[in-house]
Amino acid sequence: MQKKILTIILLFTLFITITFGIISFYIIKISAKHLEVDQQRIACTIASSVDYMLEENINKLYDISLTRLVNFDKNNSQIIYELLKDTYHYSLFTEGLFILDKNSKIFKSYPTGFNSKENYNFKPFVDRAINDNRLIVTPLVRSKNSNKAIIYTIVPLKDINNEIIGAIIGIANLKNLILNKFLKNIDIGKNNYIEIIDINENILASNREEFRLKRFKYVSNVSIKDVIKNKSRCLSKFSIINQYRKEHHIKFAITSLKYAPWAVMFGYSSTVFFTPLKNLISILTAIILIYILVGIIFSTGLSTSITKPVHELIDEIDNINRGDYSKPVMMIGSNEILVLCESFENMRLKLVETLNNLKDYNVKLENEVNKRTKEIEKNKNRIESLLGLIMTSQEEERKRIARELHDEPLQNISVILMQLNSFKQFHDTKSTEELINKIKDLLLKTNSNIRLIIQNLRPSVLDDLGLISAIKWVLENYLTPQGILYFFDYEGNIEDKRFSTFIETNIYRIVQEAIANICRHSQANEVHIKLIKKKYKLIITIIDDGIGFDVNKIIARDINKRDDLKGIGILGMYERATLLGGVLSIISKVNNGTKITLTVPLDEDGNG
């Protein structure tokens, strides 16, 4: 009992430790998440303020444009000069302002003549602003002469007719940009960073002077270009800053600006946030380790006394697992372990008895299966032989009936017709002539029907000319009277090829039954039949465009009703294909026609 109590205490201690660790982990995670949200909120607030400042300055340029006072053909330069002067003194365009016409020719500037000091490369931006009729705020641009860092703010200039006649450009010198003073006055702590970065990753303004006008070099999961282009905001995970900052890791939030291709970055060093967290984690780790160490000390002695007999019992059970049932299970341990050993021994004895019985049953079952398999195979061969004999006998009987019909009735009818003609010559009354004509017509019709019966029983064309001619005869005599077009094609040099009587007869009967079914049921307009001979097989395909039918439904119905002639015809086709050792496939859907494919294997001599 004492051991069980110790085990329960150890498990409970571990449970408390793990629960405390999990709760602490989620508290730290939630705190970090709140800090990230606050960081994004601060970045968005700063971005809104910067956007407001930009909007105020941009509106000053729009105010000049909206006055409609600029006219390159009139001499009102003093008024324009005063407007530029007021804008210059109350805006961030500390480098100067000037007005251009559509050809980028300077019309007016303030301070006067400042444009002659520097070679400003503003023309591409001016052209874009005029062509797109929109505000352009550029990223950092270097002047060609002094390599001075500047930015352009360009607003299209319109006349009283609202037509674009040029542009107003404000130039801000990044060295004394007013945004630097604004960022520096924000109290965010000495280890945090606020920076305005353009789309080319140049730092335009920063709360730290040493970072201004430098490249924002980092390794991060965030692309500043993507943030600016998509006008989005996001939070970067720990990014490695590798040139200007002393810290090696920084976590920052970025949000794009509305009026310029810039972004505001608010970041803090990982040491600021993670130092208290690391201390807390260290304390928690020490507590957990102490709890685990105490648990190990208590559990070691407890497990030794319990697991040793269990391992010995496992070894005994492994012997049974490996199929060794001959060795008895040793009685080891005490109390519950001993009872478990006795139970396993009883199970072993019963398993040995069951396995022996199963072996006996298995031997008997295999013998019975072998016996039944041989009987089934024997019966199958017998059935196939009988079916073949039935088919052969059927064909022989058809030959006999056809021969007898031809030898006796047809000859007698021919003699009667000859005698009627002779009788007509010697008895030439009108009534006698009419009677003889009626009898003659009836005999001719009977003669024609008997000949058709003979052809159906055993067409002489099959015996005399072969399979191709017999199929042509079936198509012509069945489909043509019904007004059904047919197309017959064959490949493989088989026009004069003769197969065994067995193959030709069964293929002919399958084709005959298929064509007869088309005439009776399909309502088809066209029938395509193709015969292909390959090296070791013969393939016959019959396709009609009729109303189709449900193959499985018809076969299932006709297996139960063998007296249905349609069903017997389809089943007969399958049976003949089986006798040939071939495969018959019937594919049909209601209102979608029918396709019948027969594949018959051939030997090297071209027979089945």
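See the structure above.
Residues numbered from 1 in each chain as written. Predicted model: local features only at pLDDT ≥ 70, side-chain atom pairs only at ≥ 80, totals over all residues. Heavy atoms only, no water.

Student: Go over the pairing of strand E1 (residues 96-101), please, and point to the residues and values.
Tutor: Among the six residues in E1, six count as buried, and that is most of the element. Side-chain alternation along E1 places Gly96, Phe98 and Leu100 on one buried face and Leu97, Ile99 and Asp101 on a second face that is also buried. Note that E1 and strand E6 (residues 164-173) share six bridges and pair antiparallel. Paired with Leu100 across the strands is Ala167, a residue of E6. Alignment of E1 against strand E2 (residues 106-110), held across four bridges, turns out to be antiparallel. Residue pairing for E2: Leu100 is matched across the bridge by Ile106. Hairpin connection of E1 to E2: four residues between the antiparallel strands, including Ser104 at a positive phi of 65 degrees. (Buried < 20%, exposed > 50% of the residue type's maximum accessible area, 1.4 Å probe, protein only. Helix = DSSP H or I, 4+ residues; strand = E, 2+ residues; numbered from the N terminus. Pairing = 2+ DSSP bridges.)

Student: Describe the environment of Tyr90, listing the residues and the values that go with them.
Tutor: Structurally, Tyr90 is set in the loop between helix H2 (77-89) and E1. With 33 residues separating them along the chain, Tyr90 and Asn57 place their C-alpha atoms 8.4 Å apart. Sequence-distant contacts of Tyr90, defined by excluding residues within four places in its chain, comprise Asn57 and Lys60. (Contact = heavy atoms within 4.5 Å.)

Student: Outline unusual backbone geometry, supporting the account with residue identities and numerical values.
Tutor: The amide bond that connects Tyr110 to the next residue, Pro111, takes the cis arrangement and shows omega of -5 degrees. As for its position among the elements, Pro111 is in the loop between E2 and helix H3 (123-132). The phi torsion at Asn591 lies on the positive side, around 65 degrees, for a residue other than glycine. Positionally, Asn591 belongs in the loop between strand E17 (583-588) and strand E18 (594-601).

Student: An account of helix H12 (residues 501-522) is needed here, citing residue identities and associated values.
Tutor: Over its 22 residues, H12 extends 30 Å from the first C-alpha to the last, a length consistent with the 32 Å expected when each residue adds 1.5 Å. Within H12, 17 of the 22 residues are buried, which leaves the element mostly enclosed by the surrounding structure. In the segment just after H12, Gln523 is the residue with positive phi, at about 55 degrees. (Expected span 1.5 Å × (residues − 1).)

Student: Please give an account of the pattern of salt bridges that cites residues and values.
Tutor: Here the structure, examined in full by the defined rule, presents eight salt bridges. In this structure, the salt-bridge partner of Glu95 is Lys148, at a minimum N-O distance of 2.9 Å. Of this pair, Glu95 sits in the loop between H2 and E1 while Lys148 sits in the loop between strand E4 (141-142) and strand E5 (149-158), placing them 53 residues apart in sequence. On the accessibility criterion, Glu95 (14% relative accessible area) is buried. With a relative accessible area of 25%, Lys148 lands in the partly exposed category. Notably, a salt bridge pairs Lys123 with Asp127, separated by 2.9 Å at the nearest N-O pair. Taken together, the residues span about one helical turn, with Lys123 and Asp127 both in helix H3 at a distance of four residues. (Salt bridge = Lys/Arg side-chain N within 4 Å of Asp/Glu carboxyl O.)

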